[in-house]
Amino acid sequence: MIEVNGTPVDPAEIGTHPGQCLRTFLRDAGRLDVKKGCDAGDCGACTVLLDGTPTHSCLTPVHRAEGRTVTTVAGLGTPEHLHPVQRGFVAAGGFQCGFCTAGYVVTAAALADADGVVPGADDPAREADVARLFKGNLCRCTGYRSIRDALAGRSNVAPDGPGCAGHGGVGRSLGAPAGPRIVSGCEPFTLDLPTTGVLHMSVVQSTEAHARIVSIDTSRAEALPGVRLVLTHHDVPGTLFSTGRHQSRLDDPDDTRMLDDVVRYVGQRVAAVVADSPQTAAHAATLVDVVYAPLPAVFDPEAARTPGAPLLHGDKGPESRISEPARNVVAQSHGEVGDVDAGLAAAVHTVGGTWRTARVTHAQLETHGARAWVDPDGTLVVRTSTQVPFLIRDELARLLERDPATVRVVAARVGGGFGGKQELLVEDLVAIATLRLGAPVQLELTRAQQFTMLPCRHPMRVRVRLGADADGVLTAMAVDVLSDTGAYGNHAPGVMFHGCHESVALYRCANKRVDAEAVYTNNVPSGAFRGYGLGQIIFAIESAMDELAREVGLSATEVRRRNVVVPGDEFVVNGAPDTDLVFGSYGLDQCLDLVDAALADGRGAAAVPAPSATSDWVLGEGVAAAMIATIPPRGHHSEAAVTMAPDGQVTIDVGTAEFGNGTATVHTQLAADALGVAPERVRLRASDTATAGYDTGAYGSTGSVVAGAAVARAAADLRARLDAVGGDPSVLESPVTARASSDGSPRSVAFNVHAFRVAVDRSTGEVRILDSVQAVDAAVVLNPEQLRGQVEGGVAQAIGGALYEELVLTDGVLSTAAFRDYRVPQMADVPPTRVLFADTYDTLGPAGAKSMSEAPYNPVAPALANAVRDALGVRPHEIPLSRDRVWRLARTDTGVGQPLPPALAPGHPGELPVDEKDENHDADDHD
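Residues numbered from 1 in each chain as written. Predicted model: local features only at pLDDT ≥ 70, side-chain atom pairs only at ≥ 80, totals over all residues. Heavy atoms only, no water.

## Regarding the overall build of the protein
The helix and strand tally for the protein stands at 23 helices and 32 strands. A globule of 927 residues ought to have a C-alpha radius of gyration of about 30 Å, and the protein, at 27 Å, matches this closely. Dimensions of the protein, computed from the C-alpha atoms along their principal axes, are close to 80 × 70 × 70 Å. Within the protein, residue pairs in contact and separated by at least 24 positions form 80% of the contacts whose partners lie at least 6 positions apart. Entry remark: accessible area of the protein is about 30900 Å², with carbon and sulfur atoms responsible for 51%. Between the centroid of the 78 positive side chains of the protein and the centroid of its 113 negative side chains there is a distance of 1 Å. (Helix = DSSP H or I, 4+ residues; strand = E, 2+ residues; numbered from the N terminus. Rg over C-alpha atoms; globule rule 2.2 N^0.38 Å. Contact = heavy atoms within 4.5 Å. Areas by Shrake-Rupley, 256 points an atom, 1.4 Å probe, with all protein chains shown as cover. Lys, Arg positive; Asp, Glu negative; His and termini not counted. Charge placed at Lys NZ, Arg CZ, Asp CG, Glu CD.)

Encoded structure:
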């Protein structure tokens with residue numbers, strides 16, 4: 001017997017299997033508040049208390065819990081009666097998507113005092129000790145500051161309740177409406193559903209980088225008791241499609257089949273097995289015998305576009321919309337305005353170089369998963385972890401040759417996205433299996449499958465050459481981009497074009513040339529990732545701009561002031577100006593000033609590390625700027641309905657999804673503000689294609705400025721109707737509904753400027769961030785705490801990509817297929833970032849606001865690289881800036897940056913700060 005949250009549970013009644021871990025047992029027993037993030041003891045999402053000790057339940061055999069007490073997050077408190085730690089997380093806004101929150105709350109509950117405060121969490125001198133206690137818990141969304149605040153008992157969220165009626169709250173730090181449910185484990189995510197009567201799917205993955213399937217023998221798998229169906233390429237439609245989803249399905253090449261007889265990367269799905277249990281399905285998948293005829297493979301994008309290279313999609317015709325299949329080129333852009341060669345010849349100063357960025361994975365803690373079933377009326381229902389439910393619905397209908405009205409797609413709360421869930425990656429298989437079997441089918445990917453099967457960020461090689469006059473004003477800009485899209489072209493055109501657009505359009509220059517190509521290789525596919533290509537190209541351009549400042553003798557901010565676009569300028573890349581993009585507001589000048597002042601005051605900066613006999617610390621500062629369109633081009637649409645009942649309750653129906661982007665909070669605030677009601681009187685129904693109007697999807701930071709605009713307009717219309725009857729809803733005989741829409745055009749621009757002060761140990765290659773500042777132009781700040789959290793989360797993710805994170809492939813084989821090998825930043829790795837807001841009002845955005853979800857990511861890596869260059873005197877050209885790369889960079893040094901202050905010169909007594917962080921992610925420390 002196991003006591004779970006005070007109730008005895010008999011494993012014999014639930015059913016167990018040999019080797020079963022406590023996590024899966026608890027979920028089988030209905031404890032769906034226990035999450036799966038990795039099943040390897042690396043992330044902490046599954047943490048429970050075992051006899052009061054925080055324990056990773058995914059590493060604990062269920063038999064070890066017999067005769068003991070287990071407490072999950074739901075056993076600590078309910079939404080109505082929260083545990084002190086849970087109250088602390090609500091008050092601090094200590095979550096975004098919330099998928100990791102259960103693990104954090106449970107761990108903290110074992111450490112906290114009666115007030116819910118973890119001893120030492122409010123003491124800056126003990127921050128490292130507290131971070132060490134939570135090294136077994138990962139968060140991808142928050143950047144950890146709000147979690148630290150929760151542990152320390154600090155409150156960031158504005159109070160609500162009856163006293164706040166009429167202050168719905170644009171400009172207030174309103175807490176997430178789902179907060180109490182999230183911290184108590186009651187808010188359902190995608191697969192938090194009973195599993196009775198549900199069949200389970202497992203996917204067979206390719207072991208070859210490029211091969212034709214000669215045969216697939218499924219007989220051994222089909223003979224296994226409990227197996228219901230095995231799908232191969234013989235059993236599914238051969239319709240070509242793209243997994244990438246956009247408003248127009250023609251944006252991406254149709255180069256993918258559900259299951260193909262040609263595999264193009266190691267990890268590609270080859271077959272799918274459906275069985276009575278996940279264990280049976282996984283075992284049966286190992287019994288599918290596949291015979292391959294290997295084909296020549298190419299892994300380097302430069303080689304891939306060279307004549308004679310193996311062709312990945314040479315058989316595709318013009319209907320697939322591939323730019324040059326015979327050269328493995330998915331998409332390309334070549335163009336020039338002015339005369340770049342003449343501009344370079346006339347320049348007094350020229351700089352240039354080649355920069356490279358690595359593959360980075362999204363690392364959302366909720367893996368991709370979906371469940372499908374058929375309603376009694378024949379409607380195919382797919383519940384899935386997606387950012388784009390309507391786009392998934394439409395493409396499923398196309399692939400399955402069904403009327404879209406007979407397909408319903410539902411997204412519950414999504415456990416992180418970052419662009420990775422703007423794809424159709426699991427829904428097609430569960431849908432077709434459900435239709436074949438007439439029973440519900442569920443597929444939940446493992447963490448290893450997330451790494452090996454799903455798209456990552458596009459790695460790029462970017463060449464930049466700049467020319468400037470004696471005053472540092474640009475005379476020429478040439479940018480050459482080579483993007484590795486991997487085996488399939490999902491998002492390849494969009495990432496390439498978007499990455500080149502705002503990064504180049506940010507600067508005024510009469511002579512510009514851009515040459516860009518996205519190329520197929522036999523590597524894991526690339527896809528949509530936060531920043532959508534801008535981060536990679538901005539890394540190169542902002543590095544070159546920093547070098548130009550040094551050549552001219554200007555500060556990093558001054559060289560940008562002299563060259564950035566200002567209202568009245570056109571947005572020019574390498575062709576006609578973009579007329580759909582306008583200055584709805586402008587705050588870049590303020591951002592540059594704010595960063596300058598912050599670097600000068602040094603407030604909040606960490607102490608300079610003390611030298612020792614084995615260290616050789618040098619200091620440096622770096623700055624980078626970024627611009628981003630607030631909405632994707634070529635259409636982004638949203639419809640919203642706002643209803644008021646006679647009792648004053650308000651319901652919002654909107655199609656966009658909540659995955660930590662904060663749209664649920666913002667939509668509540670906008671409606672409450674327009675209607676003059678308290679936020680707690682507003683209920684949101686979102687991301688269900690059967691109940692909401694159409695919405696393109698929650699990507700490109702559009703949840704606030706497109707769906708939010710539709711909500712605000714509908715609420716304003718409803719308010720006008722109420723005012724016409726005296727403004728009192730009690731006079732209504734029935735609920736009144738107002739509807740509105742937004743088409744996402746014209747589009748405004750937002751700006752971010754980031755600055756770092758760092759110390760670099762030339763003897764070890766360690767980069768230590770002493771100060772991190774980001775100034776953002778988000779116009780009117782709808783929710784200060786939430787916006788601050790979005791910025792901090794983007795910065796933390798970007799620091800990971802700049803210093804640690806890299807998917808390592810050797811001949812197409814991934815060697816970093818687990819969190820312990822792929823280093824997602826822990827709490828100890830992320831320094832505090834000062835977030836500063838420009839003061840502007842955007843004429844296009846709802847309530848004067850601009851979007852700011854993905855934008856904070858973009859200037860971080862170049863700012864950090866510029867700081868390292870300032871310290872070492874030599875330019876980094878590749879990220880991540882891992883210790884080995886920085887160490888080698890220091891060996892080729894041509895000079896050093898700022899010396900240590902005299903008081904810390906060699907010989908001065910002092911020690912390096914606390915010991916180095918555990919790079920092995922020993923996540924089993926709770927057990």
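Next comes the rest of the account.
## Description of the pairing of strand β3 (residues 47-50)
Residues Thr 47 and Leu 49 line one face of β3 and the alternating positions Val 48 and Leu 50 line the opposite face, and both faces are buried. Sheet topology places β3 next to strand β4 (residues 53-56); four bridges connect them, and they run antiparallel. Note that in β4 the partner of Val 48 across the bridge is Thr 55. From the end of β3 to the start of β4, which pair antiparallel, there are two residues, and Asp 51 there has a positive phi angle of about 50°. Judged from the two bridges that link them, β3 and strand β5 (residues 69-71) form a sheet pairing that is antiparallel. Residue pairing in the sheet places Leu 50 in a bridge with Val 70 of β5. (Buried < 20%, exposed > 50% of the residue type's maximum accessible area, 1.4 Å probe, protein only. Pairing = 2+ DSSP bridges.)

## A look at the pattern of salt bridges
A full pass over the atoms with the stated rule returns 69 salt bridges. Two residues, Arg 820 and Asp 42, come together in a salt bridge whose shortest N-O distance is 2.8 Å. Residue Arg 820 is located in the loop between β31 (813-814) and β32 (834-837), and its partner Asp 42 is located in the loop between α2 (22-28) and β3; the two are separated by 778 residues in the primary sequence. Asp 42 gets classed as buried once you look at its relative accessible area, which sits at 1%. The partner of Glu 878 in a salt bridge is Arg 885, with the nearest N and O atoms 3.3 Å apart. Judged by relative accessible area, Arg 885 falls into the buried class, the value being 18%. One salt-bridge network, held together by shared partners, links Glu 302, Arg 305, Glu 324, Arg 327, Arg 461, Asp 480 and Glu 517. (Salt bridge = Lys/Arg side-chain N within 4 Å of Asp/Glu carboxyl O.)

## Focus: the packing of helix α15 (residues 492-505) against helix α16 (residues 534-552)
Relative orientation of the contacting elements α15 and α16 amounts to 40°, with a least axis distance of 8 Å. Of the possible angle classes, the one that applies to α15 and α16 is oblique. Between α15 and α16 lies a crossing whose hand is right-handed. Every residue of α16 that contacts α15 at His 498, Gly 499, Cys 500, Glu 502, Ser 503 and Val 504 is listed here: Leu 534, Ile 537, Ile 538 and Ile 541. Partitioned by chemical class, the residues of the contact of α15 with α16 number six nonpolar, three polar and one charged. (Axes fitted to C-alpha atoms, helices over the stretch in contact; angles between N-to-C directions. Parallel < 35°, antiparallel > 145°, perpendicular 65-115°, else oblique. Left-handed = near helix turned anticlockwise from the far one by under 90°. Nonpolar A, V, L, I, M, F, W, Y, C, P; charged D, E, K, R; others polar.)

## Describing the domain arrangement of the protein
Looking at the protein, the domain boundaries give domain 1 (2-71), domain 2 (84-183), domain 3 (199-295 + 362-452), domain 4 (582-628 + 754-919) and domain 5 (638-742). On a C-alpha basis, the centroid separation for the pair domain 1 and domain 4 is 39 Å. (Domains from an automatic or database assignment.)

## Considerations on the nonpolar core
Judged by nonpolar contacts, the single largest core of 208 residues is most densely connected at Leu 151 and Val 479. Element by element, the count of residues in this core is highest for α16, at 11 residues. The next biggest cluster of nonpolar side chains, apart from the first, holds 22 residues, and it includes Val 650, Val 682, Ala 714 and Leu 718. (Core = buried A, V, L, I, M, F, W, Y, C linked by side-chain atoms within 4.5 Å.)

## Some remarks on the side chain of Arg 305
Turning to its location among the elements, Arg 305 is positioned in the loop between α10 (301-304) and β12 (329-337). The class of Arg 305 is buried, set by a relative accessible area of 17%. In this structure the side chain of Arg 305 is engaged in a polar contact, spanning 3.0 Å, whose partner is the side chain of Glu 302. Among the polar contacts listed, one links the side chain of Arg 305 to the side chain of Glu 517, at a separation of 2.7 Å. (Polar contact = N/O pair within 3.5 Å; in protein donor to acceptor, adjacent residues only side chain to side chain.)

## What to know about the packing of aromatic side chains
Ring pairs (aromatic) are described by centroid distance and by the angle formed between their planes. Under the definition given, this model contains 10 aromatic pairs. Aromatic side chains Tyr 104 and Phe 134 sit 5.9 Å apart centroid to centroid with 15° between the ring planes, which places their arrangement in the stacked category. One end of the pair, Tyr 104, is in helix α4 (residues 101-111); the other, Phe 134, is in the loop between α5 (127-133) and α6 (145-152), and 30 residues separate them in sequence. Residues Tyr 104 and Phe 134 agree in their burial class; the two are buried. Between Phe 529 and Tyr 857 the ring centres are 5.6 Å apart and the planes differ by 70°, which places this aromatic pair in the edge-to-face class. Residue Phe 529 is located in the loop between β22 (526-527) and α16, and its partner Tyr 857 is located in the loop between β32 and α22 (860-872); the two are separated by 328 residues in the primary sequence. Grouping aromatic residues by their ring pairs yields a cluster made of Phe 571, Phe 583, Tyr 586 and Phe 751. (Phe/Tyr/Trp six-rings, centres within 6.5 Å; stacked < 30°, edge-to-face > 60°.)

## So, the sheet that holds strand β7 (residues 211-217)
Sheet strands pair via backbone hydrogen bonds, and the direction of the pair is either parallel or antiparallel. Ordered by their spatial adjacency, three strands build an open sheet running β9-β7-β11, and the pairing between neighbours is antiparallel. If you trace the sheet from one side to the other, it starts and ends with β9 (262-263) and β11 (289-294), each paired once. The sheet contact formed by β7 and β9 spans two bridges and is antiparallel. Looking at the pairing, Arg 212 lines up with Val 262 of β9.

## Regarding helix α12 (residues 389-400)
Helix length check: α12 (12 residues) gives 16 Å between terminal C-alpha atoms against 16 Å at 1.5 Å per residue, within 8%. Summarising burial for α12: 10 of the 12 residues are buried, a large majority. Listed as buried for α12 are Pro 389, Phe 390, Leu 391, Ile 392, Arg 393, Glu 395, Leu 396, Ala 397, Leu 399 and Leu 400. On its buried side, α12 packs onto β15 (380-384), β16 (407-410) and α13 (427-437). Positive backbone phi, at 55°, marks Glu 401, one or two positions downstream of α12. (Expected span 1.5 Å × (residues − 1).)

## Quick look at the pairing of strand β26 (residues 682-686)
Pairing analysis gives five bridges linking strand β25 (residues 650-654) to β26, with the strands arranged parallel. What sits directly across from Val 650, in β26, is Val 682. With helix α19 (residues 663-675) bridging β25 and the parallel β26, this β-α-β connection has right-handed handedness. (Right-handed = clockwise from strand over helix to strand, strands pointing away.)

## Section: the environment of Arg 685
Among the structural elements, Arg 685 can be located in strand β26. A C-alpha to C-alpha distance of 39 Å links Arg 685 and Val 330, two positions 355 residues apart in sequence. Once you skip the residues sitting within four places of it in the chain, Arg 685 turns out to touch Thr 651, Ile 652, Asp 653 and Val 654.

## Focus on helix α3 (residues 84-92)
Along α3, the residues classified as buried are Val 85, Gln 86, Gly 88, Phe 89 and Ala 92. Buried residues in α3, looked at end-on, bunch into an arc of 155°, giving them a common side. Looking at the buried side of α3, the elements it contacts are α4, α6, α7 (179-183) and α21 (784-803). Two residues or fewer past α3, Gly 93 is found with a positive phi of approximately 65°. (Arc of directions from axis to C-beta.)

## Thoughts on the packing of α3 against α6
Where α3 meets α6, the closest approach of the two axes is 8 Å, and the angle between their N-to-C directions is 135°. In terms of orientation, α3 and α6 fall into the oblique class. Helix-helix and strand crossings are classified by hand; for α3 and α6 the assignment is right-handed. Contacts between α3 and α6 pair Gly 88, Phe 89 and Ala 92 from the former with Ser 146, Ile 147, Asp 149, Ala 150 and Leu 151 from the latter.

## As for the environment of Ser 155
Counting through the fold element by element, Ser 155 comes out in the loop between α6 and α7. Here the side chain of Ser 155 touches Ala 91 through a polar contact of 3.5 Å, landing on its backbone oxygen.

## Focus: the confidence of the model for the protein
Residues with a pLDDT of 70 or more make up 95% of the protein, whose mean pLDDT is 94. Low pLDDT (under 50) marks residues 161-166, which in the prediction has 10 contacts with non-local residues, meaning those over four places away or in another chain. (pLDDT = per-residue confidence, 0-100.)

## Considering the sheet that holds β5
Across the sheet, five strands lie side by side as β2-β1-β5-β3-β4; this open sheet has mixed pairing. Of all the strands in the sheet, just β2 (7-9) and β4 have a single pairing partner and so form its edges. Across the sheet, the mean angle separating the axes of adjacent strands is 35° when strand polarity is ignored. Where α4 meets the sheet, its contacts fall on β3, β4 and β5, and the angle it forms with β3 comes to roughly 30°.

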